[in-house]
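Coordinate inspection notes
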Amino acid sequence: MSDFNKQKIVDSVPQKGFFGHPKGLFTLFFTEFWERFSYYGMRAILVFYMYYEISDGGLGLSEELALSIMSIYGALVYMSGVIGGWLADRIFGTSKAIFYGGILIMFGHIALAVPGSLSMFFVSMVLIVIGTGLLKPNVSSVVGDMYAEGDDRRDAGFSIFYMGINLGAFLSPLITGELAKESFHLGFGVAAVGMFLGLLVFMLTKKKNLGLAGTYVANPLSAAEKKKLTLIFGAGIIIIGALLAFLIPNGLFTIETVINMVGIFGVAIPTIYFIVMYRSPKTTAVERSRIIAYIPLFIAASMFWAIQEQGSTILALYADKRTQLEFAGMTISPAWFQSLNPLFIILLAPVFAWLWVRLGKYQPSVPKKFSLGLLFAGLSFLVILIPGYFGGGELVSPLWLVLSYFIVVLGELCLSPVGLSATTKLAPAAFSAQTMSIWFLASAAAQAINAQLVRFYNPENEIMYFGTIGGAAILLSILLFILSPKIQVLMKGVK
């Protein structure tokens, strides 16, 4: 699309009206607030729903299988963002992608809200994975569309937008966790209502507030490409259908098979991305050097997210089974601990933003910030093994979990904000449109690895589990810190 048309899109949006920002930010803030409310509210109780006995309103799966499925769920959500971004760029634009994604997410939560079978659970998973892949990356893209390239309010606008993400993620586990005490399906029902409210806000205000932002197709398919894609898609469906028709009756296509397949894809997809970018004739020598520099950062990010994302799996199980939940005459829902991460981000993000500005040119380099992030992640796991080491199997104080979540958020604020920035700066120009997907693939790889790691956890070996993973993260952080000067040289001027 020409620069003139892009400028028309930006200029068609009112420039002020929501805390000094375009009114469209109001639309996107509350759309994302309710989408994250629905997703994190559902996620806070999902693992309990899977492994609680049928008599307690759950599905009665084993804890090991429930933890693996939860990790695979997260991996697929991040992988689907690659497809969602492509569909928006090539077929129907970001605005329609957001709407279609919201519809699918809402129906996914409705499927969970209706008491049913394991089959309905997997239907809901498919709907929410595809819906989130359509909605999440494209909401962020529309935020960027509202600002001209030289508009210095852009970073502040994204900060306000991300505050909506964390507010939704903070409030929803408190509500769904309490409702889940009565029925898991009530909690899932509230998640469905949350997504409906997000869609309502989007549909009622998008025309007035967003103007043309998100309505264009950035790189539409040509007629020949559409024909080729239709043939490939049709052939793919036939091949997959034939494989399933053979595998399922012979007992070869099981949940375990899916977990293993997603685990392979989680590692293989980013590996292929790096090889294609590095070997592309469109990649310059300087850009190849930057790709090499980015690989250790990507590995470090994957290790960090592998620990951070266990907050909704292993630490959720720990909260339910190993933590004293009776407090001041009331029973704390184990789901409430899922609100700690967004709460600490809301409280600490301004502190870290002030700190980096205060340090100025003396602040750590990108590789050193990544190493700090990994260090805090490792420490968060070492902290949680302390009560197990001294407690002799007794229920532990909830403050240990609070401390663990707090420490990992310190790491997240060192690594996550600079990670996306580093990704966009280090990626080759020919692949600039796919940089967001590459960063999300670090989380997908982490979750795919987690699907295998969580199988090794049980209360009897929790000290070894937390100690091994936490220790590995700390060793990797030290190695990354040592290599930081070399990585900085390979970044070829990117700060």
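All figures in this text were calculated on a predicted structure; none of them were measured in a lab. (Residues numbered from 1 in each chain as written. Predicted model: local features only at pLDDT ≥ 70, side-chain atom pairs only at ≥ 80, totals over all residues. Heavy atoms only, no water.)

Broken down by element type, the chain carries 15 helices and two strands. Here the chain has a C-alpha radius of gyration of 23 Å; the compact-globule value for 495 residues is 23 Å, and the two agree. Looking at the chain residue by residue over its 495 residues, the buried ones come to 49%. In the chain, the proportion of contacts linking residues at least 24 apart, taken out of those at least 6 apart, comes to 82%. For the chain, the exposed area adds up to about 22,400 Å²; of that, 71% sits on carbon and sulfur atoms. Distance between charge centroids for the chain: 15 Å, based on 33 positive and 26 negative side chains. (Helix = DSSP H or I, 4+ residues; strand = E, 2+ residues; numbered from the N terminus. Rg over C-alpha atoms; globule rule 2.2 N^0.38 Å. Buried < 20%, exposed > 50% of the residue type's maximum accessible area, 1.4 Å probe, protein only. Contact = heavy atoms within 4.5 Å. Areas by Shrake-Rupley, 256 points an atom, 1.4 Å probe, with all protein chains shown as cover. Lys, Arg positive; Asp, Glu negative; His and termini not counted. Charge placed at Lys NZ, Arg CZ, Asp CG, Glu CD.)

Looking now at the packing of aromatic side chains. On inspection of all chains with the given rule, the structure shows 29 aromatic pairs. Between Phe-274 and Tyr-294, the aromatic rings sit 5.9 Å apart at their centres with planes inclined by 45°, giving tilted as the arrangement. Residue Phe-274 is located in helix α8 (residues 255–279), and its partner Tyr-294 is located in helix α9 (residues 285–308); the two are separated by 20 residues in the primary sequence. Judged by its relative accessible area of 5%, Tyr-294 falls in the buried class. An aromatic cluster is defined as three or more aromatic residues linked by ring pairs; in this entry it consists of Phe-26, Phe-29, Phe-30, Phe-33, Trp-34 and Phe-37. (Phe/Tyr/Trp six-rings, centres within 6.5 Å; stacked < 30°, edge-to-face > 60°.)

In a regular helix each residue adds 1.5 Å, so 28 residues correspond to 40 Å; helix α2 (residues 24–51) covers 42 Å between its end C-alpha atoms and thus fits that length. The largest bend along α2 measures about 35° and falls at Ile-45. Counting buried residues in α2 gives 24 out of 28 residues, a clear majority hidden from the surface. (Expected span 1.5 Å × (residues − 1). Bend = angle between axes of the 7 residues up to and from the residue.)

What follows deals with the confidence of the model for the chain. Of all residues in the chain, 93% attain a pLDDT of 70 or more, and the chain-wide mean is 86. Looking at the elements of the chain, mean pLDDT is at its lowest for helix α1 (residues 3–11), recorded as 44, and at its highest for helix α15 (residues 462–490), recorded as 95. In the predicted structure, residues 1–14 sits below a pLDDT of 50 and forms 24 contacts with residues beyond four places in sequence or in another chain. (pLDDT = per-residue confidence, 0-100.)

A contiguous nonpolar patch, built from Ile-248, Phe-253, Met-261 and Phe-265 and spanning about 360 Å² of accessible area, is present on the exposed surface. Position of Phe-253 among the secondary structure elements: in the loop between α7 (223–247) and α8. (Patch = residues over 30% accessible without salt bridge, like charges linked within 9 Å, V, L, I, M, F, W, Y side chains within 5 Å. Salt bridge = Lys/Arg side-chain N within 4 Å of Asp/Glu carboxyl O.)

The end-to-end C-alpha distance of α15, which contains 29 residues, comes to 39 Å, matching closely the 42 Å that a straight helix rising 1.5 Å per residue would cover. A bend of about 55° at Ser-484 is the largest found in α15, and the proline Pro-485 appears one to four places after it. Among all positions in α15, only Glu-462, Tyr-465, Phe-466, Ile-469, Gly-470, Ala-473, Ile-474, Ser-477, Leu-480, Ser-484 and Ile-487 are buried. A positive phi of about 50° marks Lys-492, the residue just after α15.

Time to look at the pattern of salt bridges. This model, assessed by the stated rule, comprises eight salt bridges. The shortest N-O distance in the salt bridge between Arg-43 and Glu-309 comes to 3.1 Å. With a gap of 266 residues between them, Arg-43 in helix α2 and Glu-309 in the loop between α9 and α10 (314–321) connect regions that are remote in the sequence. Residue classification places Arg-43 among the buried positions, given a relative accessible area of 14%.

Counting through the fold element by element, Thr-423 comes out in helix α13 (residues 398–426). Considered as a pair, Thr-423 and Ser-437 are 14 residues apart in the sequence and their alpha carbons are 9.8 Å apart.

Our next topic: the packing of α9 against α15. Between α9 and α15, the least distance of the axes is 10 Å, while the angle of their chain directions is 160°. One way to sum up the angle between α9 and α15 is to call them roughly antiparallel. Taken as a pair, α9 and α15 cross one another with a handedness that is left-handed. Contact residues: α9 offers Ser-289, Arg-290, Ile-292, Ala-293, Pro-296, Ile-299, Ala-300, Met-303 and Ile-307, while α15 offers Ile-469, Ala-472, Ala-473, Leu-476, Leu-480, Ile-487 and Leu-490. (Axes fitted to C-alpha atoms, helices over the stretch in contact; angles between N-to-C directions. Parallel < 35°, antiparallel > 145°, perpendicular 65-115°, else oblique. Left-handed = near helix turned anticlockwise from the far one by under 90°.)

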